There are 2 protein chains.
Amino acid sequence: MVPIARRHHETDDMNLKQFAELAGVSTATASRALSGTGRVSEETTTRIAALAEKLGYQPNAIARNLRTQRTMTVGVLVPMGHDALQHLSDPFFNTMIGFLADALVEHGYDLLLSRVLPDDERWLDRYIGTGRVDGLLVIGQSDQYHVIESVARRYRPMVVWGGQMPGQRHCAVGSDNFRGGVMAAEHLIARGCRLLAYAGPRQGVEFGERLAGVRAALAAAGLPDPIELPSHFEPDAAYRDLAAHLGNLATMPDGIVAGADVTAASMLKALAEMGCDVPGTMRVIGYDGLPIAGHLVPALTTIDQQLREGARIMVDLLMRRIAGEEAASVRIEPRLLLRQST
Amino acid sequence: MVPIARRHHETDDMNLKQFAELAGVSTATASRALSGTGRVSEETTTRIAALAEKLGYQPNAIARNLRTQRTMTVGVLVPMGHDALQHLSDPFFNTMIGFLADALVEHGYDLLLSRVLPDDERWLDRYIGTGRVDGLLVIGQSDQYHVIESVARRYRPMVVWGGQMPGQRHCAVGSDNFRGGVMAAEHLIARGCRLLAYAGPRQGVEFGERLAGVRAALAAAGLPDPIELPSHFEPDAAYRDLAAHLGNLATMPDGIVAGADVTAASMLKALAEMGCDVPGTMRVIGYDGLPIAGHLVPALTTIDQQLREGARIMVDLLMRRIAGEEAASVRIEPRLLLRQST
DNA sequence: CCCAACTGCGCAATCGTTTACTCAGTTGTC
DNA sequence: GACAACTGAGTAAACGATTGCGCAGTTGGG
């Protein structure tokens with residue numbers, strides 16, 4: 001039979017059979033010696049290991065994956081409407097992905113960033129169906145809550161960054177957004193603010209809860225509802241939104257809760273260009289606790305979601321679920337990260 | 001034979017054989033119908049496609065990969081000393097990875113972020129040897145130049161973000177760092193600066209070339225060499241470095257070239273806390289052109305490396321190399337991105 | 001001395017696809 | 001009417017590993 005089209009490039013095209021032959025043992029023994037599993041004599045093991053090192057032989061991962069039915073790879077998805085991957089440049093996702101990568105690596109797993117277009121109801125099924133990953137980490141429920149929920153019924157090894165609704169089936173890790181909203185508002189009130197604004201995107205459960213928290217804290221303090229300054233997610237658009245809002249306001253607030261640190265950054269920029277002093281005339285608090293927030297001018301006070309810790313928890317839960325154990329959702333306590341903008 | 005350990009979780013555990021049986025055809029025909037390759041009648045093709053949709057059957061990607069010897073996956077590596085993945089939270093890498101993901105997705109490739117510890121000379125060989133990826137994108141040559149160079153001799157499908165040295169074997173895409181340094185310095189000089197400082201990390205070829213460019217431009221203008229303010233890469237450490245430097249300076253410069261936008265951000269913060277007005281008393285220019293730089297206060301003037309474009313080029317070159325064609329290095333022309341900090 | 005237990009290793013099945021080759025039936029051409 | 005060309009579909013051999021089971025040789029206990 002004529003050889004079929006082969007890999008185009010190879011550093012060393014040796015397979016286990018050839019290697020075993022060179023080593024003078026069977027493929028079974030070679031495999032066991034290299035993986036350190038099964039009964040192989042000490043001597044044979046070291047001899048084979050040395051030969052592998054010398055020849056630069058490494059077992060093919062794909063074949064191993066097929067046989068063992070494990071890929072040691074975890075998929076990371078960011079389901080955000082049509083242009084999902086565009087948003088990978090968003091600092092929040094970036095940061096999250098970085099932290100997840102750190103945590104996954106510690107468990108020996110790789111991280112696969114894939115194309116997913118939430119165009120129909122079955123995008124998640126299609127992604128899982130190909131069997132390329134051992135588990136799934138989803139960053140944000142976005143508007144795909146019901147899809148995630150329905151998949152979670154049959155597919156266990158999945159952990160989602162996001163909120164927990166009553167009766168929710170899928171495993172989620174996320175900060176208590178309502179509580180965070182309360183904390184942000186309370187902080188501004190304690191600083192003497194009497195009229196707050198909430199700036200941020202409208203879509204997404206998280207943002208709704210944060211706003212609700214702000215509202216609740218204001219009500220509890222006997223203060224008026226917040227002015228709402230809706231904005232896009234994408235920084236440039238958000239900046240334009242916010243600058244326009246600020247120009248149109250009848251009465252200026254004396255404190256602003258931003259739905260996210262990136263929104264707060266856009267807000268700081270718009271305020272600076274209006275000549276509005278922060279925190280003198282206006283106090284601004286963000287939400288997320290991204291590392292970069294500490295490097296804005298003025299350094300941003302923010303509600304810290306403890307993303308690094310959150311990523312670690314997500315991965316831990318996922319490992320448990322991959323192992324077949326149960327693992328319940330975890331709610332992270334938000335913390336006030338006090339800096340100069342308030 | 002007792003079934004061996006199987007995948008723990010499966011949404012639908014059907015294989016081609018079972019599916020074909022249900023469809024009343026051979027596995028060959030089913031496979032061909034689903035992949036749209038080979039001679040299958042129009043009628044059979046649509047019938048099988050419909051059945052697959054109905055049953056939610058999808059061919060196993062791992063098996064396909066093994067058979068076709070292609071994974072449709074590209075590895076992305078960031079070789080940076082021991083704590084490689086720690087640096088994934090760095091805005092530069094984040095941004096780059098986001099852009100690369102965008103570009104790869106357009107070609108139908110996935111992106112694999114993996115553990116690589118450049119602990120010995122063979123880390124790259126080991127990574128390639130397992131055959132999990134069709135190609136490799138390396139972000140930054142760092143101190144692994146010779147390793148990359150030696151691997152490039154045998155392994156073709158690899159493209160590196162970084163500089164081009166004379167006689168270099170591996171394919172690199174990167175901006176002309178010397179030229180960028182010249183541009184940055186010339187801009188500050190045109191703005192009236194007479195004593196410049198260069199702030200940035202010491203390691204890395206890129207930074208050395210940028211500094212050399214600054215030096216050359218100053219020399220050409222008959223101005224003194226730049227004051228050097230070395231700093232760490234990591235933002236918090238960089239901030240401390242720079243604040244300390246500024247406190248110790250005998251004579252203050254009137255313009256600063258930062259080796260990277262993140263360094264410029266730290267610098268802006270340190271200057272703001274000294275009460276130094278930018279751009280009034282001190283002009284600051286960054287390097288990279290990260291989206292976030294436009295959202296600093298004041299918005300950062302910077303040398304734009306055109307990372308989005310660069311990522312697209314890297315992926316294009318890689319696709320060509322995967323296809324077995326030749327593809328030479330590309331040098332990107334840096335551009336001045338004029339904003340408020342100068 | 002016998003039988004069981006253990007050790008070290010090899011045989012061959014298996015994971016789930018793709019695809020070269022084969023083959024029967026149909027059509028077209030001289 | 002013979003023969004070539006084409007169509008549509010099936011058979012079975014890969015791809016490169018892991019691993020259940022079997023087997024020969026050794027050890028040990030009763």
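None of the values given here were measured: they were computed from a predicted structure.

### Focus: the packing of helix H1 (residues 16–23) of chain A against helix H3 (residues 42–55) of chain A
If you want to describe how two helices pack, look at the angle between their axes and the distance between the axes. All names here are of chain A. Look at H1 against H3: their axes get within 11 Å of each other, and the N-to-C directions meet at 120°. With respect to each other, H1 and H3 are oriented oblique. Along this stretch, H1 crosses H3, giving a crossing that reads as right-handed. Here H1 contributes Phe19, Leu22 and Ala23 to the contact with H3, which in turn contributes Arg47, Ile48, Leu51, Ala52 and Leu55. Classifying every residue of the contact of H1 with H3 gives 7 nonpolar, no polar and 1 charged.

### A few points about the protein's contact with DNA strand C
Neighbouring DNA strand C are 30 residues; Thr29 and Arg32 of chain A together with Leu16, Ser31 and Arg67 of chain B lie closest to it. For DNA strand C, the backbone makes up 58% of the atoms found within 4 Å of the protein, where backbone means sugar plus phosphate. At 2.9 Å from a phosphate oxygen of DNA strand C is found a main-chain nitrogen or oxygen belonging to Ser41 of chain A. The contact in question runs from a phosphate oxygen of DNA strand C to an N or O atom on the side chain of Gln69 of chain A, over 3.5 Å. Broken down by secondary-structure element, the contributors of at least two residues to the surface near DNA strand C are helix H2 (27–35) and helix H4 (61–68) of chain A together with helix H2 (27–35) and helix H4 (61–68) of chain B. Tallied by class, residues from the surface near DNA strand C come to 12 nonpolar, 11 polar and 7 charged.

### Focus: the relation of the copies chain A and chain B
Mapping chain A onto chain B leaves a residual RMSD of 0.1 Å; the transformation is a rotation of 180° accompanied by 0.1 Å of translation along its axis. Viewed as a symmetry operation, the transformation between the two copies matches a two-fold axis. Residue Leu112 of chain A of chain A places its C-alpha closer to the rotation axis than any other residue of that unit, at 2.3 Å. Both copies contact each other with a shared surface, as 99% of the interface residues of chain A are interface residues in chain B too.

### Side note on the sheet that holds strand S5 (residues 171–175) of chain A
The 12 strands are arranged S11(A)-S5(A)-S4(A)-S3(A)-S1(A)-S2(A)-S2(B)-S1(B)-S3(B)-S4(B)-S5(B)-S11(B) in an open sheet whose pairing can be described as mixed. Each edge of the open sheet carries a strand with a single partner, namely strand S11 (330–332) of chain A together with strand S11 (330–332) of chain B. When the angles between neighbouring strand axes are averaged without regard to direction, this sheet yields 20°. Bridge analysis of strand S5 (residues 171–175) of chain B against S11 of chain B gives 3 bridges, and the strand direction is parallel.

### Some points on the domain arrangement of chain A
Residue and element names in this part refer to chain A. Domain annotation for chain A reports domain 1 (16–68), domain 2 (73–176 + 307–334) and domain 3 (177–304). Computed over C-alpha atoms, the centres of domain 2 and domain 3 are 27 Å apart. Each partner contributes to the interface: domain 2 provides 15 residues, whereas domain 3 provides 16 residues. Approximately 1400 Å² of surface area, both sides summed, lies buried where domain 2 meets domain 3, with 61% of it carried by carbon and sulfur atoms. It is Phe92, Asp176 and Pro334 that lose the most area in domain 2 upon contact with domain 3, and together they represent 32% of the buried surface on that side. Between Arg179 and Glu333 there is a salt bridge; the shortest N-O distance is 3.7 Å. Counting across the domain 2 and domain 3 interface gives 4 residue pairs in polar contact (both at pLDDT 80 or more).

### A short note on the protein's contact with DNA strand D
What surrounds DNA strand D is a group of 31 residues, the closest being Leu16, Ser31, Asn60 and Arg67 of chain A together with Arg39 of chain B. Here DNA strand D approaches the protein such that, of its atoms within 4 Å, sugar and phosphate make up 57%. Contact distances for DNA strand D include 2.9 Å between a phosphate oxygen and a side-chain N or O atom of Arg64 of chain A. Elements that contribute at least two residues to the surface near DNA strand D include exactly H2 and H4 of chain A together with H2 and H4 of chain B.

### Points about the nonpolar core
Leu137 and Ile139 of chain A together with Leu137 and Ile139 of chain B are the most contacted members of the largest nonpolar core, which totals 66 residues. Excluding anything up to four places from it in sequence, Leu137 of chain A contacts Val74, Gly75, Val76, Leu77, Leu100, Leu104, Val159, Met314, Val315 and Leu318 of chain A. Formed by 43 residues, the second largest nonpolar core is a distinct cluster that contains Ala265, Cys276 and Ala293 of chain A together with Leu242 of chain B.

Rules of the game
- Residues numbered from 1 in each chain as written.
- Chains lettered and ligands numbered in written order.
- Predicted model: local features only at pLDDT ≥ 70, side-chain atom pairs only at ≥ 80, totals over all residues.
- Heavy atoms only, no water.
- Axes fitted to C-alpha atoms, helices over the stretch in contact; angles between N-to-C directions.
- Helix = DSSP H or I, 4+ residues; strand = E, 2+ residues; numbered from the N terminus.
- Parallel < 35°, antiparallel > 145°, perpendicular 65-115°, else oblique.
- Left-handed = near helix turned anticlockwise from the far one by under 90°.
- Contact = heavy atoms within 4.5 Å.
- Nonpolar A, V, L, I, M, F, W, Y, C, P; charged D, E, K, R; others polar.
- Near = heavy atom within 4 Å.
- Polar contact = N/O pair within 3.5 Å; in protein donor to acceptor, adjacent residues only side chain to side chain.
- Least-squares fit on C-alpha atoms with pLDDT ≥ 70 in both.
- Pairing = 2+ DSSP bridges.
- Domains from an automatic or database assignment.
- Buried area = accessible area lost by both parts, 1.4 Å probe.
- Salt bridge = Lys/Arg side-chain N within 4 Å of Asp/Glu carboxyl O.
- Core = buried A, V, L, I, M, F, W, Y, C linked by side-chain atoms within 4.5 Å.
- Buried < 20%, exposed > 50% of the residue type's maximum accessible area, 1.4 Å probe, protein only.

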